[in-house]
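Here is how the chains run, residue by residue.
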Amino acid sequence: MIDVSKLPSACFQGVTPGIIATCSKDGEPNATYFSQVFLVDRTHVALSCQFFNKTRRNVAENPRAHVQLYDPVTFEAYDLDLRLERSETSGPLFDAMAVRIDAIASTTGMAGVFKLLAADVYEVVAVEKREGFLLPCDSPVEPSFPPTDYRSELRALQVVSDRVHRARSLEELLGSMLEALQQEMGFEHAMVLLPDECQGRLFTVASRGYPPRESGIGAEVAMGKGLLGTVASQKRVLRISSVAQDVRYGRAIRGAALEHGLGDVLSPEIPLPGLPDAQSHLGIPLLVQDRLVGVLAVESKNALGFQEWHESFLGVVANQVALALDHMLVDEADDEEEKPPSSVLVASDGGGEARPHLPVLQERRLRLRRRRVPDPERPGPHLMEAPSQLPGRAAPGLHEPRAAARRQPRSPADQGQPREPPHPAAEAARAEVPGRAPSADGPRPLPPGDGLPRRARREGLRVATLFR
Amino acid sequence: MPAGERTIPEGLVAYLESGISVMVGTRGVDLRPTALRAAGAKVHADGRRIDVFLPRATSQRGVADVRATGRAAVSFSRPIDHLSIQLKGPARVREAREDERAVVEAYREAFCEQLEIIGLPRTLVGRFAAWPTDVLEIEVTAIFTQTPGPTAGTPLAAEAAR
């Protein structure tokens, strides 16, 4: 009985390109490589169709295909005889495959040029390990990638869940959650980003496992751009193994597109988030119903750092965090008149305790207050950036009550004063968006106060905008 | 094409004989395709034919296909940048000569180097069972660019390869 799901899971992670052979109806064989086979179920796999190439034309005429895939951990080969069953252009499978391709396309500056046209689903007619592909080995071979340590999954989930459930503040929620993910499950490098819907950007508000100067706190990512921007805009999980392989593939297409005269429609490449030498990325949208409240992102230097199991585990964690985050933001917004502000942003290199960091959230709240007041000159949602009023990284008013900060009049002399130099990581992330002009809105007067009653705030404002 | 004129541009020979990925496609009389990994290639001096080395341990089905149909396609892809080319033409299979073993072993060494660059350790790739081989001899009648993208599958412009 055929059960392709029993093949090593690493075969389906796109680390080692496989080979596909097809044949036209008039008997002309064709061979090429593919970057990834997606496991659909025990008797079906899917291949992505990005271009109507010879392989696609052949299977349209003659539905048979044969692929050879490789386990990157052992380099063993597996042969699959396939028969094209259907092509999907929407639905969960298509979406899961598309988010990965869209993220790489965006990262390599080819959004819209390089995209998924269809998820071609093949029935697996036969599957066989290719015996004799490797020479016999007398001594044990070191695995190509460190084995994943699964630890005690249920216990770890309980610890993370407890931390999330007991958190009394945003900093406790995010800090303890990231700490538990590291200590209990070995997610060494993780960050949480929150959306700023009006500006169409994500802001890193907590991170763990990064050197102090590279915590990324405050770093911005444009919605729909790069790996995490794609997770946010599509509200879908993105898991990429061996990202260098994918980026190389994207760049190959980019080079071909340039030669083909498509240079005008290409965009600059987007830097990858976080670690410069990360090989695997897993980005999970934090959703409440269908509303994005944040993104949880983990990365690893191991090309096979994240497998389907990690995606499932973090998916459960993300659901809990999303709800907690959502409630907490509403509560904090309601209480902010009475409570002193919390410096929510936390960063840790993984060994020490979490440290208060750049109060970006505080900044978001101040900006939100300005936006809530209707501006007769500028109808609609907009941001009145007031650089000198926003608490900077080392601004003296860092921990002042926001109400007090808000009351401070803005002097004309302040209006042209530049903000304190941004954190290097934030600066790098800002560079993601081509042509972004800092403070493009220009300085504007600070409105006198918060014009909305609490009920209106609770019912009328989306929680995510509370950070603005 | 005039008789005697080479079909494989000079500029492609070093690329085709380097340690890049070599992938073969065949098909049976019933049009069932077969994909297999080859262990290197050697361009004939006449520039019209190419020998592709098929590890005997894993190539029985492909070899049987070629013996039955005389058709094969071979794709080459450089792992570091996916620069890819496909050659097609009438094909036959012959036994390897002992002096070709050095070519195959040199390929395996070069292939290990290529894959090491992209993160696959030599301890793994070096176990690739390359020898003994059969030799797939293709009389090249068509060359296509195979680099992923909008131009994949188009005939290679001769001047681009020279």
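It should be emphasised that the depicted structure is a prediction, and the values quoted were computed from it without experimental measurement.

J.: Would you mind showing me how to read the overall build of chain A here?
T.: Along the backbone of chain A there are 12 helices and 15 strands. Each of the 468 residues in chain A was classed as buried or not, and the buried ones make up 56%. Counting only carbon and sulfur atoms, one obtains 52% of the accessible surface of chain A, whose full area is about 19,700 Å².

J.: Where do I start with the sheet that holds strand 6 (residues 77-88) of chain A in this structure?
T.: What holds strands together in a sheet is hydrogen bonding between their backbones, with the strands either parallel or antiparallel. Residues and elements named next belong to chain A. Read across the open sheet, the seven strands follow the order 2-1-5-6-7-4-3; overall the sheet is antiparallel. Each end of this open sheet is capped by a strand with a single partner; those strands are strand 2 (29-34) and strand 3 (37-41). With direction set aside, neighbouring strand axes in the sheet form an average angle of 35°. As paired strands, strand 3 and strand 4 (residues 44-49) are joined by four bridges and run antiparallel to one another. The residue bridging Asp 41 from the neighbouring strand is His 44, located in strand 4.

J.: Please clarify how the confidence of the model for chain A should be interpreted in this entry.
T.: Caution applies to low-pLDDT regions: their predicted coordinates should not be interpreted in detail. Residues and elements named next belong to chain A. Counting all residues, the mean pLDDT for chain A is 71, and 64% of those residues have values of 70 or more. Note on residues 350-360: pLDDT is under 50 here. Beyond four places in sequence and across chains, it has 34 contacts. Taken together, the stretch residues 365-468 has pLDDT below 50 and engages in 187 contacts with residues farther than four places along the chain or on a different chain.

J.: So what exactly am I meant to see when it comes to the interface of chain A and chain B here?
T.: Note: interface size is frequently given as the accessible area lost on complex formation between the parts. With 50 residues of chain A at the interface, the matching set in chain B holds 48 residues. Roughly 4,100 Å² of surface becomes buried between chain A and chain B when both sides are summed, with 62% attributable to carbon and sulfur atoms. It is A:Tyr33, A:Phe75 and A:Arg248 in chain A that bury the most area against chain B; as a group they hold 15% of the surface buried on that side. Across the contact surface, chain A and chain B share three salt bridges. Summed over the shared surface of chain A and chain B, the number is 16 residue pairs in polar contact (both at pLDDT 80 or more). Of all the secondary structure elements, the ones that give two or more residues to the side of chain A that touches chain B are strand 1 (18-23), strand 2, strand 5 (64-70) and helix 6 (243-259) of chain A. Considering each element in turn, the side of chain A that touches chain B owes the most residues, seven residues, to helix 6 of chain A. Considered class by class, the residues forming the side of chain A that touches chain B number 27 nonpolar, 14 polar and nine charged.

J.: Mind showing me how you'd approach empty space enclosed by the protein here?
T.: A probe matching the size of a water molecule, rolled over the atoms, marks out where space remains unfilled. Overall, the coordinates contain 11 cavities of 30 Å³ or more when judged by the stated rule. Considered as a void within the structure, the largest cavity measures approximately 450 Å³ in volume. Lining the largest cavity are 26 residues, and of these A:Thr32, A:Tyr33, A:Asn53, A:Thr55 and A:Tyr249 sit closest to its centre. For the lining of the largest cavity, the secondary structure elements donating two or more residues are strand 2, strand 4, helix 1 (54-61) and strand 7 (118-129) of chain A. Its residues placed into classes, the lining of the largest cavity shows 11 nonpolar, 12 polar and three charged. In this structure, the second largest cavity is lined by 19 residues; those nearest its centre are A:Pro17, B:Ser21, B:Arg37, B:Pro79 and B:Leu115. Sorting the residues of the lining of the second largest cavity by element identifies strand 1 of chain A together with strand 1 (21-27) and helix 3 (101-117) of chain B as the ones contributing at least two each.

J.: What is the right way to read the pairing of strand 12 (residues 280-288) of chain A from this model?
T.: All names here are of chain A. Among the nine residues that make up strand 12, eight are buried, leaving the element largely enclosed by the rest of the structure. Where strand 12 meets strand 13 (residues 291-300), nine bridges bridge the pair, whose relative direction is antiparallel. Each bridged residue has a counterpart across the sheet, and for His 281 the counterpart in strand 13 is Glu 299. What sits between strand 12 and strand 13 in their antiparallel hairpin is a turn of two residues, with Gln 289 showing a positive phi close to 55°.

J.: Teacher, can you tell me more about the packing of aromatic side chains here?
T.: A ring pair, where both rings are aromatic, is described by two values, the distance of the centres and the angle of the planes. Evaluated as defined, the whole model comprises nine aromatic pairs over all chains. With 5.3 Å between their ring centres and 25° between their planes, A:Trp309 and A:Phe313 make a pair best called stacked. Linking A:Trp309 with A:Phe313, this pair stays in helix 7 (residues 308-335), spanning four residues, or about one helical turn. The residues A:Trp309 and A:Phe313 share a single accessibility class, namely buried. Ring geometry for B:Tyr107 versus B:Phe111: centroids 5.5 Å apart, planes at 15°, classification stacked. Here the residue B:Tyr107 and the residue B:Phe111 both occupy positions in helix 3, the gap between them amounting to four residues, near one helical turn. Taken individually, B:Tyr107 and B:Phe111 each receive the classification buried, so the pair is uniform in this respect.

J.: Sorry, what's going on with the nonpolar core here?
T.: One recurring pattern in soluble globular proteins: nonpolar side chains tend to sit buried together. By size, the foremost hydrophobic cluster in this structure holds 92 residues, and its most contacted members are A:Phe75, B:Ile50, B:Val52, B:Phe76 and B:Leu136. A total of nine residues in this core trace back to one element, the largest contributor, which is helix 2 (residues 92-107) of chain A.

J.: Is there a simple way to think about helix 4 (residues 170-185) of chain A in this case?
T.: Given 3.6 residues per helical turn, the α-helix brings residues three or four places apart onto the same face. End to end, helix 4 of chain A covers 22 Å across 16 residues, agreeing with the expected 22 Å (1.5 Å per residue, within 8%). Among the 16 residues of helix 4 of chain A, 12 are classified as buried, and the element is accordingly described as predominantly covered.

J.: Sorry, what's going on with the packing of helix 2 of chain A against helix 5 (residues 226-234) of chain A here?
T.: Two numbers describe a pair of packed helices, the interaxial angle and the distance between the axes. All names here are of chain A. Look at helix 2 against helix 5: their axes get within 8 Å of each other, and the N-to-C directions meet at 135°. Accordingly, the angle class assigned to the pair helix 2 and helix 5 is oblique. In this structure, helix 2 crosses over helix 5, and the sense of that crossing is right-handed. Judged by residue contacts, Val 99, Asp 102, Ala 103, Ile 104, Ser 106 and Thr 107 of helix 2 engage Gly 226, Leu 227, Thr 230 and Gln 234 from helix 5. Its residues assigned to classes, the contact of helix 2 with helix 5 comprises four nonpolar, five polar and one charged.

J.: Help me understand the layout of surface pockets in this model?
T.: Residues and elements named next belong to chain A. Of the voids in this model, the second largest pocket is the one considered here, and its volume is about 670 Å³. As for the second largest pocket, its lining consists of 24 residues, of which Phe 38, Ala 96, Arg 239, Glu 308 and Glu 311 are closest to the centre. Top element by residues in the lining of the second largest pocket is helix 2. It accounts for seven residues. Across the lining of the second largest pocket, the residue classes tally to 13 nonpolar, five polar and six charged.

J.: Sorry if this is basic, but what is going on with unusual backbone geometry here?
T.: Note: most residues except glycine have negative phi, and most peptide bonds are trans. A cis amide bond links B:Trp131 with the next residue in sequence, B:Pro132, at an omega value of 5°. Summarising the element assignment, B:Pro132 is placed in the loop between helix 4 (122-125) and strand 7 (133-139). Backbone geometry at A:Gln289 places phi at a positive 55°, although glycine is not the residue there. Along the polypeptide, A:Gln289 turns up in the loop between strand 12 and strand 13.

J.: Before we go on, may I ask you to explain the packing of helix 3 (residues 153-166) of chain A against helix 4 of chain A in this structure?
T.: Residue and element names in this part refer to chain A. The geometry of helix 3 relative to helix 4 is characterised by a closest axis approach of 8 Å and an angle of 170° between their N-to-C directions. Relative to helix 4, the element helix 3 is oriented roughly antiparallel. Seen from helix 3, the contacting residues are Arg 155, Ala 156, Val 159, Val 160, Arg 163, Val 164 and Arg 166; seen from helix 4, they are Glu 172, Leu 173, Ser 176, Met 177, Glu 179, Ala 180, Leu 181, Gln 183, Glu 184 and Met 185. Its residues assigned to classes, the contact of helix 3 with helix 4 comprises nine nonpolar, two polar and six charged.

J.: Would you take a moment to explain the side chain of A:Gln307 for this structure?
T.: Position of A:Gln307 among the secondary structure elements: in the loop between strand 13 and helix 7. Within the structure, the side chain of A:Gln307 is placed 3.4 Å from the side chain of A:Ser9, a separation counted as a polar contact.

Definitions and limits used
Residues numbered from 1 in each chain as written. Chains lettered and ligands numbered in written order. Predicted model: local features only at pLDDT ≥ 70, side-chain atom pairs only at ≥ 80, totals over all residues. Heavy atoms only, no water. Helix = DSSP H or I, 4+ residues; strand = E, 2+ residues; numbered from the N terminus. Buried < 20%, exposed > 50% of the residue type's maximum accessible area, 1.4 Å probe, protein only. Areas by Shrake-Rupley, 256 points an atom, 1.4 Å probe, with all protein chains shown as cover. Pairing = 2+ DSSP bridges. Axes fitted to C-alpha atoms, helices over the stretch in contact; angles between N-to-C directions. pLDDT = per-residue confidence, 0-100. Contact = heavy atoms within 4.5 Å. Buried area = accessible area lost by both parts, 1.4 Å probe. Salt bridge = Lys/Arg side-chain N within 4 Å of Asp/Glu carboxyl O. Polar contact = N/O pair within 3.5 Å; in protein donor to acceptor, adjacent residues only side chain to side chain. Nonpolar A, V, L, I, M, F, W, Y, C, P; charged D, E, K, R; others polar. 1 Å grid on protein atoms, 1.4 Å probe; cavity = no way out; pocket = protein on both sides within 12 Å on 5 of 7 lines; lining within 4 Å. Points joined across faces, edges and corners; volume = space filled by probe spheres on them. Phe/Tyr/Trp six-rings, centres within 6.5 Å; stacked < 30°, edge-to-face > 60°. Core = buried A, V, L, I, M, F, W, Y, C linked by side-chain atoms within 4.5 Å. Expected span 1.5 Å × (residues − 1). Parallel < 35°, antiparallel > 145°, perpendicular 65-115°, else oblique. Left-handed = near helix turned anticlockwise from the far one by under 90°.

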